[in-house]
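What follows is each chain in one-letter form.
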Amino acid sequence: MILVACRDDPQTASTEPPRRSVPKARAQAVPAKSAVVRAKRVCTITDAAAANDPFGAEVTAADIVRSGGRIVGRKAVKNAHAPEQTDTLVTVLQSGNRWVFYRTPEKDLLSSATLVSFTTPYGQTLRSRVGASYRRQGGSCDSLLISDDMQMNRVVASMSSGQVRKVRIEPYLD
C-alpha cells in the first residue's frame, strides 16, 4: 500500500501540496446613474466654401494683431521646398482664440486656428458659415466636421443646443 502511494504516476504525482480555495470578496453593488448618458453624434459634411474660406476672406497675423491679438510665439522652421529658406511659425492669442500662421517672406498662411470667442467680424462670419452648414445637414449633431471636396481642408465645430461653441480650423498646407 505504501508503494502504491509513492509511485510516480503522472496523473497522480504532484510536486505541490493541494491548494485551499480562498473565498473571494463579493463585489459591492454600484448604484445606477440616474442621468441617462446620451451618445454624442458627429456629423461629417462637405461644404467647400466653409472649409476653403471659413472667414470669407484670408486672415493674416497682422489682421489678428490689429483686432487686439498679441504674438506669443515664433518658431523658425525649414522650408520643405526651398531648403536654404527658413520660415516662421507665428502664434497669436486674441480673446481666447489661438491662431498659428506659417509665415514666408511672401505671405502669412493660416496653419491652424481654434476659436472659442466669436466677437470679431471674422469670428462672426465663421460662426455664420458653420451655423448654415449645421442647419443644412439637419441640425442634430454635437460635433460637425466640414471638409472640402478633396477632403484637404477641415473645420471641426463643437455644437451645443444648435449653437457653435468651439471651432478648430485645419487648412491643408504643403
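What comes next concerns the included structure. (Residues numbered from 1 in each chain as written. Predicted model: local features only at pLDDT ≥ 70, side-chain atom pairs only at ≥ 80, totals over all residues. Heavy atoms only, no water.)

Relative to strand β3 (residues 86-94), strand β2 (residues 70-78) runs antiparallel, the two being bridged by eight bridges. What sits directly across from valine 77, in β3, is aspartate 87. For β3 and strand β4 (residues 97-103), the ladder comprises seven bridges, and the chain directions are antiparallel. Opposite valine 90, over in β4, you have phenylalanine 101 as the bridge partner. Hairpin connection between β3 and β4: a loop of two residues separates the two successive antiparallel strands, and serine 95 in this loop has a positive phi of roughly 50°. (Pairing = 2+ DSSP bridges. Helix = DSSP H or I, 4+ residues; strand = E, 2+ residues; numbered from the N terminus.)

Turning our eyes to something else, we now look at the sheet that holds strand β7 (residues 154-160). Within the open sheet, the eight strands sit side by side as β1-β6-β7-β8-β5-β4-β3-β2. Their pairing is mixed. Looking at which strands have only one partner, the edges of the open sheet turn out to be β1 (42-46) and β2. Strand-to-strand twist in this sheet, taken as the mean axis angle between neighbours without regard to direction, amounts to 20°. Judged from the five bridges that link them, β1 and strand β6 (residues 143-147) form a sheet pairing that is parallel. What sits directly across from valine 42, in β6, is serine 143. (Axes fitted to C-alpha atoms, helices over the stretch in contact; angles between N-to-C directions.)

This part covers the nonpolar core. Counting residues in each nonpolar core, the largest one holds 29 residues, and the members touching the most others are Phe55, Trp99, Val130 and Ile169. Counting residues per element, this core draws most heavily on helix α4 (residues 121-136), at four residues. Those residues in contact with phenylalanine 55, other than ones at most four positions away along the chain, are Trp99, Leu110, Leu115, Tyr122, Thr125, Leu126 and Ile169. (Core = buried A, V, L, I, M, F, W, Y, C linked by side-chain atoms within 4.5 Å. Buried < 20%, exposed > 50% of the residue type's maximum accessible area, 1.4 Å probe, protein only. Contact = heavy atoms within 4.5 Å.)

With that settled, consider the pattern of salt bridges. The tally for this structure, following the rule as stated, stands at six salt bridges. Note that arginine 103 is salt-bridged to aspartate 108, the shortest N-O span being 2.7 Å. For aspartate 108, a relative accessible area of 10% gives the class buried. Note that arginine 168 and glutamate 170 form a salt bridge whose closest N and O atoms lie 3.3 Å from each other. By relative accessible area, arginine 168 is classed as partly exposed at 32%. Bridged by salt links that share partners, the residues Arg154, Arg168 and Glu170 form one connected network. (Salt bridge = Lys/Arg side-chain N within 4 Å of Asp/Glu carboxyl O.)

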